[in-house]
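# Observations on the model geometry
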Amino acid sequence: MADEPLVLGIETSCDETGVGIVRGTTLLADAIASSVDEHARFGGVVPEVASRAHLEAMVPTIERALTEAGVTAGDLDGIAVTAGPGLAGALLVGVSAAKAYAYALGKPLYGVNHLASHICVDQLEHGPLPEPTMALLVSGGHSSLLLAPDITADVRPMGATIDDAAGEAFDKIARVLDLGFPGGPVIDRLAREGDPEAIAFPRGLTGPRDPAYDFSFSGLKTAVARWIEAKRHAGEDVPVRDVAASFQEAVVDVLTRKAVRACKDEGVDHLMIGGGVAANSRLRAMAGERCERAGIRLRVPRPKLCTDNGAMVAALGAEMVARNRPASDWELSADSSLPVTDPHVPGRPHPGRVHDHGHVHDHDHVHEISKDNLYS
């Protein structure tokens, strides 16, 4: 274990300031500072509020992670950071912090992809990823099916959301039902007491001529909102638990159906589910049932590792170091629309970098760069 790379990861793509430390595939620390309460009164994430919260939380969260892991900053073999996709201002805080720490410590810097990190985090729970891995990522900003033959270099999009992501739909329906923000956890809780077959809500993009792996939840969201509006207009009580259960069932049915189909079509016998919505209890249950029937092994990290966190970034960073992937250079910047086909943002080769079993022993190039482009 001592020979495995020790990497610190920083995640600031949205409203969570996450700092994780891993050694190889072993999680040593997962520190998170959330600003969700500051956004709740607005009914959603406010980018400027998130950016300022990251600024305030960054250094204390890094120090807490180092203490929890029982290591010093000087012990690190590299620093990884989410370079995108995400909120531009929030990402910039994380990238700037990672540059500063890497520069000051003389450590290599790895700008990595948020979505690829959500896949790689499962290594901390269930060991090395099979190759290829089929991944269903479901969050407030993404509903994606991805095939990953090599999580550090080859991630292929199979399908994606063409309008509202699943998590976004959960938040919007929660708002219509006056359930507050975020909507996912409360809908999940209420749905356990409701009837998932009470209301026949539509399943988007499931017709024979529809794209096999793409997702659409805008129509479902509208149908649920109109059903609720009609009940209220008629002066009737809205059966909140049944609405929550029926809506959730429609979302989960589509997600799992398409994911299992993709596995079968591609001949992949593993399915990994990640992202914030992967914490949903019904998604986990239905995926388990359908994967078992199809002979597919399901891998889902524990709920805390499904939501945005620094551990997932550190996990991907450690894999980059272990596989001798090139580090990012000092021109690394935040990219709010970084494509998933770019698991990381490599830089130009640095002369003098010597790798030995995943460790980088010569970082003299760090001190040769100009401070002028450190925060470019």
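Under the defined criterion, the tally for this structure stands at 21 salt bridges. Between Asp 150 and Arg 323 there is a salt bridge, with its nearest N and O atoms 2.8 Å apart. Of this pair, Asp 150 sits in strand E7 (residues 143–150) while Arg 323 sits in the loop between helix H12 (310–322) and strand E11 (344–345); the two residues are 173 residues apart in sequence, bridging distant segments of the chain. The partner of Asp 164 in a salt bridge is Lys 172, and the shortest N-O contact between them spans 3.4 Å. Asp 164 sits in the buried class, given a relative accessible area of 9%. Connected via shared salt-bridge partners are Glu 131, Asp 150, Glu 319, Arg 323 and Arg 325.

What follows covers the sheet that holds strand E6 (residues 133–138). Pairing is mixed across the open sheet formed by five strands, whose spatial order is E8-E7-E6-E9-E10. The sheet terminates laterally at strand E8 (154–160) and strand E10 (297–299), the two strands that pair on one side only. Between one strand and the next, the sheet's axes are offset by a mean angle of 25°, whatever the strand orientation. In this structure, E7 lies alongside E8, joined through five bridges in antiparallel fashion. Pairing of Leu 147 across the sheet is with Arg 156, part of E8. Against the sheet, helix H9 (residues 240–266) touches E6, E7, E8 and strand E9 (270–274), its axis set at about 165° to E6. With respect to the sheet, helix H10 (residues 281–294) is in contact with E9 and E10, its orientation differing from that of E10 by roughly 160°.

Right, let's get into unusual backbone geometry. The amide bond that connects Glu 131 to the next residue, Pro 132, takes the cis arrangement and shows omega of 5°. Relative to the helices and strands, Pro 132 is located in the loop between helix H5 (123–126) and E6. Following Phe 181, the chain continues to Pro 182 via a peptide bond in cis, the omega torsion being -5°. As for its placement among the helices and strands, Pro 182 is situated in the loop between helix H6 (166–176) and helix H7 (183–191).

The rules behind these values
- Residues numbered from 1 in each chain as written.
- Predicted model: local features only at pLDDT ≥ 70, side-chain atom pairs only at ≥ 80, totals over all residues.
- Heavy atoms only, no water.
- Salt bridge = Lys/Arg side-chain N within 4 Å of Asp/Glu carboxyl O.
- Helix = DSSP H or I, 4+ residues; strand = E, 2+ residues; numbered from the N terminus.
- Buried < 20%, exposed > 50% of the residue type's maximum accessible area, 1.4 Å probe, protein only.
- Pairing = 2+ DSSP bridges.
- Axes fitted to C-alpha atoms, helices over the stretch in contact; angles between N-to-C directions.
- Contact = heavy atoms within 4.5 Å.

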